[in-house]
Amino acid sequence: MNFKEKNHINGLFGFYGELLTIKQQDYLRYYFEDDYSIVEIAEVETVSRQAVSDNIKRGIDQLLKYEHVLHLQEKFETRSAIETQVQDYISVYYNKDNVLKKLVSQLMAHEIED
């Protein structure tokens, strides 16, 4: 599994990890977060390598299935990209546009009052 795939699974685990079995959660944490090998996980958990491998595969399959149905990670990434664009726009035009500066100041003042 390459770095990009590993990051993708880590992201999915953040959204859907609690939906997996406890063993799948444990094995995926060992494998992805702690960077244990399948052999090391098997030794720690005193189970066969095949059991670890099967649980990791089933866990990954479940994460992918949840994302295919719910799209939580995809939606989060889309919102984050839009937020970044808005922040970039504001940082560029904030000092150039007095109207925008005034509106931002009003928003900030309103937040402080609440």
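Each value, and the rule that gives it
- Residues numbered from 1 in each chain as written.
- Predicted model: local features only at pLDDT ≥ 70, side-chain atom pairs only at ≥ 80, totals over all residues.
- Heavy atoms only, no water.
- UniProt positions renumbered as here; feature names shortened; annotations may be inferred.
- Helix = DSSP H or I, 4+ residues; strand = E, 2+ residues; numbered from the N terminus.
- Buried < 20%, exposed > 50% of the residue type's maximum accessible area, 1.4 Å probe, protein only.
- Phe/Tyr/Trp six-rings, centres within 6.5 Å; stacked < 30°, edge-to-face > 60°.
- Patch = residues over 30% accessible without salt bridge, like charges linked within 9 Å, V, L, I, M, F, W, Y side chains within 5 Å.
- Areas by Shrake-Rupley, 256 points an atom, 1.4 Å probe, with all protein chains shown as cover.
- Salt bridge = Lys/Arg side-chain N within 4 Å of Asp/Glu carboxyl O.

In the nomenclature of an unreviewed UniProt entry, the chain corresponds to UPF0122 protein C122C_0509 from the organism Leuconostoc gasicomitatum. Checking UniProt for the chain, the heading Function (unreviewed entry) contains the comment "Might take part in the signal recognition particle (SRP) pathway. This is inferred from the conservation of its genetic proximity to ftsY/ffh. May be a regulatory protein." Within the UniProt record for the chain, the comment given under Sequence similarities (unreviewed entry) is "Belongs to the UPF0122 family."

> Help me understand unusual backbone geometry, please; the structure alone is not making it clear to me.
Backbone geometry follows two general trends: most residues other than glycine have a negative phi, and most peptide bonds adopt the trans configuration. Backbone geometry at D35 places phi at a positive 60°, although glycine is not the residue there. Mapped onto the elements of the fold, D35 is located in the loop between α2 (22–33) and α3 (38–45). Among the residues examined, D35 registers a relative accessible area of 55% and is labelled exposed. Residues other than glycine seldom take positive phi values, yet H71 does so here, at roughly 60°. Take H71: its relative accessible area is 30%, and that puts it in the partly exposed class.

> Honestly, the packing of aromatic side chains in this entry has me stumped. Any pointers?
To describe a pair of aromatic rings, one takes the distance between the centres and the angle between the planes. In the structure shown here, the tally under the stated rule is five aromatic pairs. A ring pair is formed by F15 and Y16, whose centres lie 6.2 Å apart and whose planes are at 45°; its orientation type is tilted. Taking relative accessible area as the criterion, F15 reaches 34% and is therefore assigned partly exposed. Here the aromatic rings of Y30 and Y36 are separated by 5.1 Å at their centres, their planes lie at 25°, and the arrangement is stacked.

> Looking at this model, I keep getting lost on a nonpolar patch on the surface. Mind explaining?
Residues F15, V69, L70, L72 and F76 make up a contiguous nonpolar surface patch of about 430 Å² in total accessible area. Elements with a contribution of two residues or more to the nonpolar patch: α4 (49–70) and α5 (72–93). Inspection of the secondary structure assignment puts F76 in helix α5.

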